[in-house]
Amino acid sequence: MLIDGHGRKVDYLRVSVTERCNFRCQYCMPEKPFSWVPREELLSYEELFEFIKVSIDEGVKKVRITGGEPLLREGLDNFIKMISTYKNDIDLALTTNGFLLPKTAQKLADAGLKRINVSLDSLKPDVAAKVAQKDVLKTVLKGIQAADDAGLKIKINCVPMKGINDNELVEIIDFCKEKGYQVRFIEYMENDHASEYAKGLNSLEIQELIKKSYNFEKLEREGSSPSQEYKLEDGYVFGIIEPHKDDFCATCNRIRLTASGVLIPCLYYEDAQSIKEAIKEKDIPKAVAILKDVLANKPEKNRWTEDSEVSARAFYETGG
């Protein structure tokens, strides 16, 4: 069992397989970075898998594959197959922008993927294009349907932005309710890499917009999910991820591994350690020692809870 320095059990590993992305979302990476990590400096799937095996053996029960956009890295279905074969009851999930799902969803499901989170910030083609800086909506919706047809459990992630998609929240709820997906609205996490014009909505502002059309009640938190859930009168449940509140961190059970072998204990902070050398040298005890040291120094909470705080974290490297 993995326990951090604040007594929290850590059983959830997020693995970024690439920092590259085919979108340029306003709240993440609106300008194309000029310093991609060269492919040869990334850990191979086999090397990433070695650390995942260690983590599972130490008590990790959930593995989520992220990016950048993870589907840009070739052979992802084979990587997923490695993990599912090693432990077929692992909670194996993927976060994606959905653009490449039409051609990959069935292969991912066949490889053992169980769940998928897809970003959907608008149901209007022009607005979706404004957010992603690319004409994406038609293909993303096809991708979501392909994932549904493949039998994957689907959640939708939406980042409400002032003056951009804040008039669509109810429409997105209605779409997800009709399809049988849960939507989770994510408070914009201020970071140095986003557009200077990006302005998010906080949880109360999101709730006020939804209240114009629906009555709902707040549910008690369960487990370690970062999402605070709310139930409409008809029973449909939506979530809001609220990093600007302390309880976002109080039950944090996550640790992150980048494609270049950096272990990150907290999404906000830059503090991290590399396991790259240990993994390449097949020094598993050293990798475990680094993992436990990172956990021992995992921060108690992020600093988005403080006014005007902005993270230097590049979310496209860590699967924020």
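Residues numbered from 1 in each chain as written. Predicted model: local features only at pLDDT ≥ 70, side-chain atom pairs only at ≥ 80, totals over all residues. Heavy atoms only, no water.

### Quick notes on the overall build of the protein
Counting its regular elements, the protein contains eleven helices and twelve strands. Residues counted as buried form 56% of the 320 residues belonging to the protein. Pairs at least 24 residues apart make up 72% of the contacts formed inside the protein by residues separated by at least 6 positions. Put simply, the protein shows about 14,400 Å² of open surface, and 48% of that area lies on carbon and sulfur atoms. (Helix = DSSP H or I, 4+ residues; strand = E, 2+ residues; numbered from the N terminus. Buried < 20%, exposed > 50% of the residue type's maximum accessible area, 1.4 Å probe, protein only. Contact = heavy atoms within 4.5 Å. Areas by Shrake-Rupley, 256 points an atom, 1.4 Å probe, with all protein chains shown as cover.)

### Describing the packing of aromatic side chains
In total, this model carries eight aromatic pairs according to the counting rule given. With 5.9 Å between their ring centres and 75° between their planes, Phe23 and Phe99 make a pair best called edge-to-face. In this pair, Phe23 is assigned in the loop between strand 1 (12–16) and helix 1 (45–57) and Phe99 in the loop between strand 3 (91–96) and helix 3 (101–111), connecting sequence segments 76 residues apart. Here the two residues Phe23 and Phe99 agree in accessibility, since each one is buried. Judged by centre distance (6.5 Å) and plane angle (65°), the rings of Phe175 and Tyr181 are edge-to-face. We classify Phe175 as buried; its relative accessible area is 16%. Residue Tyr181 is classed as buried on the basis of its relative accessible area, which comes to 4%. In textbook terms, an aromatic cluster arises when at least three aromatic residues are bridged by ring pairs, as seen for Phe185, Phe216, Tyr230 and Phe238. Here the guanidinium or amino end of Lys62 rests over the ring plane of Tyr12, the centre of that ring lying 4.4 Å away. (Phe/Tyr/Trp six-rings, centres within 6.5 Å; stacked < 30°, edge-to-face > 60°. Lys NZ or Arg CZ within 6 Å of the ring centre and 35° of its normal.)

### Things to note about the side chain of Asn157
Tracing the sequence through the fold places Asn157 in strand 5 (residues 153–158). Look past the residues within four positions of Asn157 in its chain and what remains in contact with it is Thr95, Asn117, Val118, Ser119, Leu120, Asp121, Arg184 and Ile186.

### What to know about empty space enclosed by the protein
Per the counting criterion, the structure on display carries one cavity of 30 Å³ or more. What lines the largest cavity is simply Thr18, Glu19, Arg20, Val37, Arg39 and Leu42. (1 Å grid on protein atoms, 1.4 Å probe; cavity = no way out; pocket = protein on both sides within 12 Å on 5 of 7 lines; lining within 4 Å. Points joined across faces, edges and corners; volume = space filled by probe spheres on them.)

### A word on the nonpolar core
With 91 residues, the main nonpolar core has Leu76, Phe79, Val183, Phe185 and Phe238 as its most contacted residues. In this structure, Phe185 is in contact with Cys158, Pro160, Leu169, Ile172, Ile173, Ile206, Ile210, Phe238, Gly239, Ile240 and Ile241, ignoring residues within four places of it in sequence. (Core = buried A, V, L, I, M, F, W, Y, C linked by side-chain atoms within 4.5 Å.)

### Considering the pairing of strand 8 (residues 227–232)
Pairing analysis gives three bridges linking strand 7 (residues 216–218) to strand 8, with the strands arranged antiparallel. What sits directly across from Glu217, in strand 8, is Lys231. Relative to strand 9 (residues 237–241), strand 8 runs antiparallel, the two sharing five bridges. Counted as the bridge partner of Lys231 is Val237 from strand 9. (Pairing = 2+ DSSP bridges.)

### A few points about unusual backbone geometry
In the segment running from Gly67 into Gly68, the intervening peptide bond is cis, with an omega of 20°. Here Gly68 lies in the loop between strand 2 (62–66) and helix 2 (76–86). A positive phi is found at Lys282, a non-glycine position, where the angle reads about 60°. Within the fold, Lys282 resides in the loop between helix 9 (276–280) and helix 10 (284–296).

### A look at the packing of helix 6 (residues 169–179) against helix 7 (residues 203–211)
Two elements in contact, helix 6 and helix 7, have axes separated by 8 Å at closest approach and are oriented at 75°. Classified by the angle between their axes, helix 6 and helix 7 sit roughly perpendicular to one another. Residues Leu169, Val170 and Ile173 of helix 6 pack against Ile206, Leu209 and Ile210 of helix 7. Across the contact of helix 6 with helix 7, the residue classes break down as six nonpolar, no polar and no charged. (Axes fitted to C-alpha atoms, helices over the stretch in contact; angles between N-to-C directions. Parallel < 35°, antiparallel > 145°, perpendicular 65-115°, else oblique. Nonpolar A, V, L, I, M, F, W, Y, C, P; charged D, E, K, R; others polar.)

Scope: geometric values only; no functional claims are made or implied.
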